[in-house]
Amino acid sequence: MLQTAPLGQTGMDLTRVGFGAWAIGGGDWAHAWGPQDDDESVHAIRYAVESGVNWIDTAGVYGLGHSEEVVGRALRDLPPDDRPYVFTKGGLVWDPADRSQPASRVGRPDSIRRDVESSLRRLGVERVDLFQMHWPAEDGTPVEEYWATFRDLVDEGKIRAAGLSNHDVKQLDAAESVGHVDALQPPLSVIRRDAAADVIPWSAEHDTGVIVYSPMASGLLTGSFTAERAASLGADDWRSRSEQFAGEGLRRNLALVEDLRPIAERRGVSVAALAVAWTLSVPGVTAAIVGARRPSQIDGWVAAAGLELDDADLDDIAAAVTANAAGTGPLRP
């Protein structure tokens with residue numbers, strides 16, 4: 001049994017780590033992680049569930065629908081009592097004829113409704129447990145308008161709870177004026193700490209659940225990532241175009257990992273588990289989304305669900321961050 005925490009007012013108790021399904025979307029789209037074997041993805045999801053993880057986070061745009069299809073396949077043969085909660089996201093519209101182009105951020109009510117119906121079909125479920133607006137709309141639709149659609153979808157039973165991803169405090173205030181924000185999904189890691197200073201405290205004040213993404217900084221904080229691995233990233237892996245995976249940014253990040261390693265060894269866990277546990281120590285964080293492309297990777301981070309960092313751990317992590325001038329945001333939870 002993994003430790004759980006309530007997701008705001010939703011009535012759902014989440015294991016403190018959940019399975020992130022971005023990378024299992026496969027290759028051949030703008031923000032891919034390179035090719036991925038679907039059978040291995042299904043095995044990874046089922047292994048996570050067998051390990052006690054009780055929720056999966058995906059999105060319509062991951063693999064341009066493919067990630068949701070793989071998640072649906074993994075769920076298909078699970079007994080109803082063993083099925084995890086399924087969270088997904090909408091609001092991104094892509095051109096199937098040009099998979100290389102980034103998706104557009106669309107908030108029109110009719111588009112959001114199409115996204116929900118498409119997700120339900122691909123996932124093979126009758127209701128999405130948490131449906132989130134992936135990014136603020138850029139088509140001129142006000143936050144208040146698309147958020148009203150999300151709240152309507154809850155009332156209609158299409159989704160159990162509604163959330164926002166990658167929204168700032170001003171946008172959260174605008175949404176809250178229309179109806180309660182059940183959940184927030186911001187990025188958070190030892191490297192990318194800014195959310196701990198604004199949107200996460202906002203969520204704590206409003207009893208909004210928080211599930212953070214990229215707690216291992218897209219692989220940098222796994223403890224196994226190397227400069228050689230970064231140099232070998234293919235053009236079909238979005239990380240090959242990120243400044244965090246090249247040059248001075250990569251050097252600082254890998255040096256930080258080496259300074260985190262003895263702290264992890266002291267606690268008897270991997271660097272990955274330590275990194276995830278740091279995000280879970282931030283007040284207001286319900287749980288963390290942790291990606292995996294094969295079952296063996298889950299063993300590296302699932303221990304974070306029960307790891308409580310003490311003051312000495314947090315002091316040493318802050319010192320490591322400072323020494324390497326890594327990332328931005330508060331040094332300590």
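Criteria and thresholds
Residues numbered from 1 in each chain as written. Predicted model: local features only at pLDDT ≥ 70, side-chain atom pairs only at ≥ 80, totals over all residues. Heavy atoms only, no water. Helix = DSSP H or I, 4+ residues; strand = E, 2+ residues; numbered from the N terminus. Rg over C-alpha atoms; globule rule 2.2 N^0.38 Å. Buried < 20%, exposed > 50% of the residue type's maximum accessible area, 1.4 Å probe, protein only. Contact = heavy atoms within 4.5 Å. Areas by Shrake-Rupley, 256 points an atom, 1.4 Å probe, with all protein chains shown as cover. Lys, Arg positive; Asp, Glu negative; His and termini not counted. Charge placed at Lys NZ, Arg CZ, Asp CG, Glu CD. Phe/Tyr/Trp six-rings, centres within 6.5 Å; stacked < 30°, edge-to-face > 60°. Pairing = 2+ DSSP bridges. Axes fitted to C-alpha atoms, helices over the stretch in contact; angles between N-to-C directions.

*Asks:* Looking at this structure, how should I read the overall build of the chain?
*Replies:* On a plain count of helices and strands, the chain comes out with eleven helices and twelve strands. Radius of gyration (C-alpha) of the chain: 19 Å, near the 20 Å computed for a compact globule of 333 residues. On the principal axes, the C-alpha backbone points of the chain span a range of 50 × 40 × 40 Å. Counting the 333 residues in the chain, one finds 54% classified as buried. A separation of at least 24 residues holds for 75% of the contacts in the chain among residues at least 6 apart in sequence. In the form shown here, the chain has an accessible surface area of approximately 13,500 Å², with 48% of it arising from carbon and sulfur atoms. Distance between charge centres in the chain, computed from 31 positive and 50 negative side chains, equals 3 Å.

*Asks:* When you look at unusual backbone geometry in this model, what are you seeing that I'm missing?
*Replies:* Most peptide bonds take the trans configuration, and most residues that are not glycine carry a negative phi. Look at D207: it is not a glycine, yet its phi comes out positive at around 55 degrees. Topologically, D207 is positioned in the loop between helix 6 (199-205) and strand 11 (209-212).

*Asks:* Would you mind going over the packing of aromatic side chains with me for this structure?
*Replies:* Applying the stated criterion to the full structure yields nine aromatic pairs. Geometrically, the ring pair formed by F131 and F150 is stacked, given 5.4 Å between the ring centres and 25 degrees between the ring planes. In this pair, F131 is assigned in strand 8 (residues 128-133) and F150 in helix 4 (residues 143-155), connecting sequence segments 19 residues apart. For the pair shown, F131 and F150 are each scored as buried. Between F225 and F245, the ring centres sit 5.4 Å apart and the planes meet at 80 degrees, which makes this aromatic pair edge-to-face. In this pair, F225 sits in the loop between strand 11 and helix 7 (227-231) while F245 sits in the loop between helix 7 and helix 8 (247-267), placing the two residues 20 residues apart along the sequence. The residues F225 and F245 share a single accessibility class, namely buried. An aromatic cluster of three or more residues is present, and its members are W22, W33, Y62, F225, W238 and F245.

*Asks:* How do you make sense of the sheet that holds strand 3 (residues 17-20) when you look at a structure like this?
*Replies:* Sheet strands associate in pairs through backbone hydrogen bonding, adopting either a parallel or an antiparallel arrangement. If you walk around this closed barrel you meet the eight strands as 3-4-5-8-9-10-11-12, and the pairing is parallel. For this sheet the average axis-to-axis angle between neighbouring strands, irrespective of direction, equals 30 degrees. In this structure, strand 3 lies alongside strand 12 (residues 287-291), joined through four bridges in parallel fashion. Residue G20 lies in a different strand from strand 12, and its bridge partner there is G291. Relative to the sheet, helix 4 contacts strand 8 and strand 9 (159-165), its axis offset from that of strand 9 by approximately 160 degrees.

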